[in-house]
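Fold and contact review
Each chain, letter by letter, is given below.
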Amino acid sequence: MTIGSMLYEGKAKKVFATDKPDQVVQYFKDDATAFNAQKRGTILEKGVINNKISERLFVLLEQAGVPTHFIKRLSDRELLTKKVAIVPVEVVVRNVVAGSLAKRLGLKEGDPIEPAIVEWYYKNDGLGDPLIADEHIRLMQLATPEQMAEIKRLALKVNGVLQPFFRERQMILVDFKLEFGLHNGQLILADEISPDPCRFWDQTTKESMDKDRFRKDLGKIEEAYQEVLKRVCG
Ligand code: TMP
Ligand code: ASP
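Described in the following lines is the structure provided in the data block. Computed from a prediction, not measured in an experiment: that's the story for all the values here.

1. Observations regarding the overall build of the protein chain
Each helix and strand in the protein chain was counted, giving 6 helices and 15 strands. For the protein chain, the residues scored as buried account for 49% of the 234 residues in total. A fraction of 57% describes how many contacts in the protein chain between residues 6 or more apart in sequence connect residues 24 or more apart. Summing over all exposed atoms, the protein chain offers an accessible surface of approximately 11,300 Å²; the carbon and sulfur share of this is 51%. Computed over 36 positive and 35 negative side-chain charges, the separation of the two mean positions in the protein chain equals 1 Å.

And the structure:
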């Protein structure tokens, strides 16, 4: 495997070309941002931890029949994946009220959401990733209605696999953000699944074990990421 030029640099990852035109390498950085990159910092070893957690969860999801971009983990910080054209819609699944949902609608943080809800956000940093409806996705032609129906089905399937997985590890899967991409015309799960785009609460203490510790300056950030790694991969 030869790694080529950098194709893209995001806030937490870089993407590199390989000698195969339909495969890329995701490189996981320690950089952390919040509030549309107004807050910046570093979480020591986050890249290594998120890469390993993503590998474990992508393998789990593939085994459950969810198509993903995962091929294999190449090193501590490098994940070999299928190259996709990302659908510019961030997909958020929520099992418990938290974050922007509590703020926007005045709902009580910690209240259960049953059945889980799925929300769409327009992936556009310049606009601050606004919440959108199906009609906006159609208007802007971000994806077809058929693609959105498939994305919703897959997102709920991911939730159905991950919720019990985390419950068995004494964690509550509060909410998470997914990104999907097109590979040879097929919709597959892309990006990463880690404490960055997910909220996990310890089942007993209800303490955050995710990027909320960085967003809200709760301290013990590295310790929380290490603990998630231990429970997921250990
Ligand atoms: P929210 O409550 O702030 O809308 O976040 C919902 C979930 O999405 C939470 O698990 C964190 C994740 N998320 C991202 O991955 N990227 C983002 O830019 C935002 C705002 C949230
Ligand atoms: N990742 C997003 C950003 O920097 C926000 C977040 O996860 O809170 O901007």
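Now, onward.
2. Here's the deal with the site of ligand 2
Close to ligand 2 lie K11, T33, A34, F35, N36, A37, K211 and R215. Here an oxygen atom of ligand 2 and a backbone polar atom of N36 are 3.0 Å apart. Separating an oxygen atom of ligand 2 from a backbone N or O atom of A37 is a distance of 2.9 Å. In isolation ligand 2 exposes 260 Å². Once the protein is present, 74% of that is buried. When the residues that make up the shell around ligand 2 are grouped by side-chain class, the tally is 3 nonpolar, 2 polar and 3 charged.

3. As for the pattern of salt bridges
Enumeration according to the criterion identifies 26 salt bridges in this entry. Here D217 and K39 are joined by a salt bridge, their closest N and O atoms 2.9 Å apart. On the criterion of sequence distance, the pair formed by D217 in the loop between α5 (212-215) and α6 (221-233) and K39 in strand β5 (residues 39-42) is long-range, its members being 178 residues apart. With a relative accessible area of 18%, K39 lands in the buried category. The salt bridge partner of E55 is R73, with a shortest N-O separation of 2.8 Å. Placement of the pair is E55 in helix α1 (residues 46-63) and R73 in strand β6 (residues 70-73), with a sequence separation of 18 residues. Under the relative-accessibility criterion, E55 is labelled partly exposed at 23%.

Rules used throughout
Residues numbered from 1 in each chain as written. Chains lettered and ligands numbered in written order. Predicted model: local features only at pLDDT ≥ 70, side-chain atom pairs only at ≥ 80, totals over all residues. Heavy atoms only, no water. Helix = DSSP H or I, 4+ residues; strand = E, 2+ residues; numbered from the N terminus. Buried < 20%, exposed > 50% of the residue type's maximum accessible area, 1.4 Å probe, protein only. Contact = heavy atoms within 4.5 Å. Areas by Shrake-Rupley, 256 points an atom, 1.4 Å probe, with all protein chains shown as cover. Lys, Arg positive; Asp, Glu negative; His and termini not counted. Charge placed at Lys NZ, Arg CZ, Asp CG, Glu CD. Near = heavy atom within 4 Å. Polar contact = N/O pair within 3.5 Å; in protein donor to acceptor, adjacent residues only side chain to side chain. Nonpolar A, V, L, I, M, F, W, Y, C, P; charged D, E, K, R; others polar. Salt bridge = Lys/Arg side-chain N within 4 Å of Asp/Glu carboxyl O.

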